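Fold and contact review
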Amino acid sequence: MVSRVCPGSIVLFHNAAIHTPEALPGIIECLLQEGYTFVPISQIILPGTCGTDYTIDHTGRQQPCT
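So, a few notes on the structure that sits alongside this text. Quantities reported herein were computed from a predicted structural model and do not represent experimental measurements.

Our next topic: the layout of surface pockets. Roughly 370 Å³ of volume is contained in the largest pocket. Lining the largest pocket are 19 residues, and of these Ser-9, Val-11, Thr-37, Phe-38 and Val-39 lie nearest its centre. Grouping the amino acids of the lining of the largest pocket by side-chain chemistry returns 16 nonpolar, 3 polar and no charged. Estimated volume of the second largest pocket: approximately 260 Å³. Pro-7, Gly-8, Ser-9, Ile-10, Ile-44, Ile-45, Leu-46, Thr-59, Gly-60, Arg-61, Gln-62 and Gln-63 together form the lining of the second largest pocket. Its residues placed into classes, the lining of the second largest pocket shows 5 nonpolar, 6 polar and 1 charged.

Parameters at a glance
Residues numbered from 1 in each chain as written. Predicted model: local features only at pLDDT ≥ 70, side-chain atom pairs only at ≥ 80, totals over all residues. Heavy atoms only, no water. 1 Å grid on protein atoms, 1.4 Å probe; cavity = no way out; pocket = protein on both sides within 12 Å on 5 of 7 lines; lining within 4 Å. Points joined across faces, edges and corners; volume = space filled by probe spheres on them. Nonpolar A, V, L, I, M, F, W, Y, C, P; charged D, E, K, R; others polar.

Following this line, the structure appears as structure tokens:
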């Protein structure tokens, strides 16, 4: 399940999903062991307007406009 996670990934868990509570501790532990850290979404998402302040590449990542 964590094989597709890469630096900058946003991992979404639905809080109403049946198996999320039992799966989450193992997923978090695995990602921590691989060296990942967890930060608030506000530290990842660039502020502003798409096309003016940032673009979104084919992987879904924001890139600042230069």
